[in-house]
Amino acid sequence: MHRLSLSAGWQVKASDATLDLPAEFAALDGWLPANVPGSVHQDLLRAGRIPDPFFGTNEHDVKWIGETDWLYRCTFDVPDSLLTSEQVALCFDGLDTFAEVWLNGTLILVSENMFVPRRVDVRPLLKPTGNMLHIRFASAFLRGRALEEKYGPRLAWNGDTSRVYVRKAQYHYGWDWGPTLLTAGLWRPVYLEAYTTRITDLHVPAEVSADLRTATLPVTLTLDHGSAVPTAEHITLTVFSPTGEAIHSAELPVEGGTVKYTFTLTTPELWYPLGYGKQPRYRVVATLSTGGVVLDTRELWLGLRRLRVVQDPIESEPGSTFYFEVNNIPLFAGGANWIPADSFVPRLTPDRYREWLTLAAEGNMIMLRVWGGGIYEEDVFYDLCDELGLLVWQDFMFACGMYPAHPEFLLNVRAEAEATVRRLRHHACIALWCGNNEDYQVAEALHVYDVNFHGDFVNSNFPAREIYERLLPNVCGQLDPTRLYWPGSPYGGASVADQTIGDRHTWEIWHGSKADYRDYPLYQGRFVSEFGMQAAPELATIEQFTRPEDRAVHSAVMNFHNKAGEGPQRLDHYLAQNTGEASTLAEYINFSQFVQSEAVAAAADGWRRRWQGEGRYRTAGALVWQINDCWPVTSWALVDYFLRLKPAYYRFRRSLAQVALGIAAADGHADVWLANGTLHAIDADLDLQVWALTGEQVAQQRITIHAGANRSTELGRFDFKAAREAGAVVSARLLQGETVLARAALWPDPPKRFHVPDPGLSITIESSDAASTTLRISAARPARAVVLAAGDDVKWSDNMLDIIPGDDQHVSVTGLKGDSLNMRWLDAPAEITIKPNVTNRA
């Protein structure tokens, strides 16, 4: 197998409808250099032909790009070693989206799906020099409109309704967190492949026995001989251990287009999700040879694990569980929803993916949901999830719409699904295939979903059930029967709002009735796969998309960079309820980030409380919407487009820690519980203190507790009613000796009703070396929502802290330059200069 990259020498221009196509491609003028992989927007931006679409309201000024046809061309030479090969294929890993391809004047390909890789036999058309490759990308927007006119309009939430006819990343049409930027171009690699016989697929659906003592690796290879007459070929299969030693091998003759063999491993090293064990991976290598000459090689990295989604009855509640179990360990799946990390995906580098996914892992997340309105992510994304121990809930790319099911569309979808499952099925991280995002919810809103109907879906009022309940499960059943296929998210029961079966999107907070975020525990489900609260990004991010005159709470640009329906008004509602309205941009940032932090913690703490052990896994997952952004914006993201962490990231991380305390008001009292995610019981002391906001300790209580492994344990209801009514803070700490395992605090709410005096915060440098500095933070009076900041290059071990008198907290910081940092709490900001060997006061 020989591969020749065709990423260099490309040019792009807008199509001119007044010229015939050969004349357009032959024209000397109007062409710009094009990057491949890339997109038209990126090329125009690089050439200075358009303003930055992310700045101000420039999105409007580049709308024309998505309504224009675009031409790409390149010329390339082919070395003799490829020209003399028996088979030569031209391969496109991603064409976005409606593409016609000509090679040396011959139309060789018409493609209508961004997600389907294409390959074409082109050997007869190639010549040694001056090969001309021409591509026309038709406007996806205009083609979608034409399809909508042909087949009829269909409802869609977010973006132009014609998008449901187009197999393109749906968020390109605009979403309630992202801009409308309809891209076109060669968004994944282009290359020539020359071969005699090639390995088209290496499939190893490994299975681990129930007792975890053996693993079976059934290997299936599929070969493409093309038009060549098969010779005396053979396959060498080798299994390498996680440390790199060859531990099994087999030599097999090639007899036809398929080769099969099964390996059995005893006492295999198992792959575990983050926090439950290591992530060893075996390597399976297949080498195709003839006469001592290697024709092709393929390899897979395999994490061996036993994975189940368990749906069992629940003690004293209707319905059934919905929890993930890996290697016989039931998991509370805390994590986040993942959207594409850029409106222009080709800009994302492997390093950028590593930064994002490392943040997820460091945030105590064990699951990411690849949301159905984006893309099937790059290989590096899944490789990193395998490496880091992050499970992936994988949606198919359908979102918030009533999709069609005419024959051509179904064929297109089947090709997409088959390509996707074949590409991703070997990854240990893939935990579940899911048919769509919220399409059942749209159908239910239209009153066209009847859970009891199983007839002719195509000609019903909800035709896409043919996709979600027949086509996709058929593809997954044939190509990857080792994993659960789930029809949609949310899905389960007679209604998508069902709290007793399947997964649920909890949007009664923010959307719907704009319920109080403290009531998140009431809107539980068996597995909550979406919930969230918006917050503004940091000022440094806002400065990157605004001019100084735009930096006001509800300027036109600030509102433009909040894409949610009534987004600014809804966020104002939660500020008015809790902190009071913001009068300055600094207050808006501070208040909105406080509300987001409190909201996501209330949800995660309350739902994790319901993970109560065998037979009582009442809620088994909390995936916050969302971890990331595709552009700079006020959104639900915990981390903004520039990888700046919002304070909610830290608060959510503490809620997902393996040992976490929860505390909540109950009839004026305080309920306290312990979420123990470790696999061993915990014996410790619970220390409760009650503090007046003015700094006087009102009460204290200390008890010994025992908490079982991998479950939440109620530690008690404590009577601090009088103090609570007077506006006191209840502080809870879990102690083993002098070591604090976890903290929680119950504050008087809403905070706008209570006067909070200056807490008398101080910072002392405990230690400092070339790697990091350790700070000790203390307070004379209770301090709520203390946030530290010192620039983009600084990394904090923790942040968004509640500081209680007598309970100093230690924070490690790396990258700190100089001796000043910004510190704010809920009611005020301050700048503090820190010097060693002294107490530095705010």
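This text gives an overview of the structure that appears in the document. Small disclaimer: the values here were computed from a predicted structure and weren't measured. Numbering of residues begins from 1 in every chain and follows the order in which that chain's sequence is written. Local features in this predicted model are restricted to residues of pLDDT 70 or higher, and side-chain atom pairs are both shown and tallied only at a pLDDT of 80 or more, whereas totals for entire chains, interfaces and linings draw on every residue. The basis for the side-chain values is all heavy atoms of the structure; hydrogens and waters are excluded.

This next bit is on the overall build of the chain. In this description a helix means any DSSP run of H or I spanning at least four residues, a strand means any run of E spanning at least two, and both kinds are numbered starting from the N terminus. What the chain contains, in helices and strands, is 15 helices and 51 strands. Two things to know: the radius of gyration comes from C-alpha atoms, and the globule rule equals 2.2 Å times the number of residues to the power 0.38. At 29 Å, the chain has a C-alpha radius of gyration in line with the 28 Å of a compact globule built from 842 residues. Structurally, the chain occupies a C-alpha span of about 90 × 65 × 60 Å along its principal axes. Within the span of the chain, comprising 842 residues, buried residues form 59% of the whole. We score Asp and Glu as negative and Lys and Arg as positive, and we do not count His or the chain ends. Lysine's charge is taken at NZ, arginine's at CZ, aspartate's at CG and glutamate's at CD. When the 75 basic and 102 acidic side-chain charges of the chain are each reduced to a single mean position, those positions are 1 Å apart. Three labels apply to residues, based on accessible area from a 1.4 Å probe with only protein chains included: buried if under 20% of the type maximum, exposed if over 50%, partly exposed otherwise in between.

A side-chain nitrogen of Lys or Arg and a carboxyl oxygen of Asp or Glu constitute a salt bridge if their distance falls within 4 Å. Taken as a whole and assessed by the stated rule, the structure comprises 51 salt bridges. Here R651 and D605 are joined by a salt bridge, their closest N and O atoms 3.3 Å apart. Of the two residues, R651 is situated in helix α14 (residues 647-655) and D605 in helix α13 (residues 585-608); the sequence distance between them amounts to 46 residues. The class of D605 is buried, set by a relative accessible area of 13%. With a shortest N-O distance of 2.3 Å, R776 and E766 are connected by a salt bridge. Of this pair, R776 sits in strand β44 (residues 773-779) while E766 is found in strand β43 (residues 761-768), placing the two residues ten residues apart along the sequence. R776 sits in the partly exposed class, given a relative accessible area of 24%. Overlapping salt bridges bring together D516, R518, E598, D749 and R784 as one network.

So, about the side chain of S241. One can find S241 in the loop between β18 (233-240) and β19 (246-253). Identification of polar contacts relies on pairs of N or O atoms within 3.5 Å, with a donor-acceptor requirement for protein atoms, meaning one able to donate a hydrogen and the other able to accept it, and with residues adjacent in sequence counted only if both atoms are side-chain atoms. A polar contact of 2.6 Å, which involves the side chain of S241, links it to the side chain of E245. Excluding anything up to four places from it in sequence, S241 contacts I247, R281 and Y282. Residue contacts are counted whenever heavy atoms from the two residues lie within 4.5 Å of one another.

What follows covers the environment of E766. With a relative accessible area of 39%, E766 lands in the partly exposed category. Between the C-alpha atoms of E766 and S812, which are 46 residues apart in sequence, the distance is 9.6 Å. Those residues in contact with E766 that lie beyond four places of it in its chain are T774, L775, R776 and H810. A distance of 2.3 Å separates the side chain of E766 from the side chain of R776, its partner in a polar contact.

Pairing between strands is defined by DSSP: at least two bridges between the two strands are required. A sheet is described by the order of its strands in space; here four strands give the open sequence β1-β14-β5-β9, paired in antiparallel fashion. Unpaired on one side and paired on the other, β1 (2-5) and β9 (118-121) mark the two borders of the sheet. The sheet shows a mean angle of 25° between the axes of neighbouring strands, taken without regard to direction. Structural elements are reduced to axes, namely lines fitted to C-alpha atoms, with helices fitted over the stretch in contact, and the angle between N-to-C directions of any two is expressed from 0 to 180 degrees.

To continue, consider the packing of helix α12 (residues 567-578) against α13. In the contact formed by α12 and α13, the axes pass within 10 Å of each other and the chain directions differ by 85°. By the angle between their axes, α12 is roughly perpendicular relative to α13. For the pair formed by α12 and α13, the contact residues are L571, D572, Y574, L575 and N578 on the first element and Y588, F591, S592 and V595 on the second. Three categories are distinguished: nonpolar for Ala, Val, Leu, Ile, Met, Phe, Trp, Tyr, Cys and Pro, charged for Asp, Glu, Lys and Arg, and polar for the others, with Gly belonging to the last. Of the residues in the contact of α12 with α13, the class split is six nonpolar, two polar and one charged. Relative orientations are named as follows: roughly parallel for angles under 35 degrees, roughly antiparallel for angles over 145 degrees, roughly perpendicular for angles from 65 to 115 degrees, and oblique for any other angle.

Attention now moves to the pairing of strand β2 (residues 10-14). Note: β2 against strand β3 (residues 32-34), three bridges, orientation antiparallel. Paired with Q11 across the two strands is P33, which belongs to β3. Bridge count between β2 and strand β4 (residues 70-76): four bridges; the pairing is antiparallel. Its bridge partner lying in β4, A14 is registered against W70.

This brings us to the packing of aromatic side chains. Stacked, tilted and edge-to-face are the three classes assigned to paired rings of Phe, Tyr and Trp, where Trp is represented by its six-membered ring and a pair needs centres within 6.5 Å; plane angles under 30 degrees give stacked, over 60 edge-to-face, the rest tilted. For the structure shown, the criterion picks out 53 aromatic pairs. Pairing F462 with Y468 gives two aromatic rings, centres 6.5 Å apart and planes at 65°, and the pair type is edge-to-face. For the pair formed by F462 and Y468, the shared burial category is buried. Members of the aromatic cluster, each reached through a chain of ring pairs, are F322, F324, W393, F398, Y403, Y440, Y449, F462, Y468, W486, Y491 and F527. The criterion is that NZ of a Lys, or CZ of an Arg, lies within 6 Å of the ring centre and within 35 degrees of the ring normal, and then a charge sits over that ring. For the cation-ring pair, R283 lies above F240, with the distance from its terminal atom to the ring centre recorded as 4.3 Å. The positively charged end of K563 is found above the aromatic ring belonging to F560, 3.7 Å away from the centroid.

Packing of helix α5 (residues 350-362) against helix α6 (residues 379-388) leaves a shortest axis separation of 10 Å and a crossing angle of 40°. Considering their axes alone, α5 and α6 lie oblique with respect to each other. In this structure, α5 meets α6 at a crossing whose hand is right-handed. Listed contacts from α6 to P350, Y353, R354, L357 and T358 of α5 are V380, F381, L384, C385, E387 and L388. When grouped by side-chain class, the residues that make up the contact of α5 with α6 number eight nonpolar, one polar and two charged. In a left-handed crossing the near helix is turned counterclockwise from the far helix by less than a right angle, and in a right-handed crossing that turn is clockwise.

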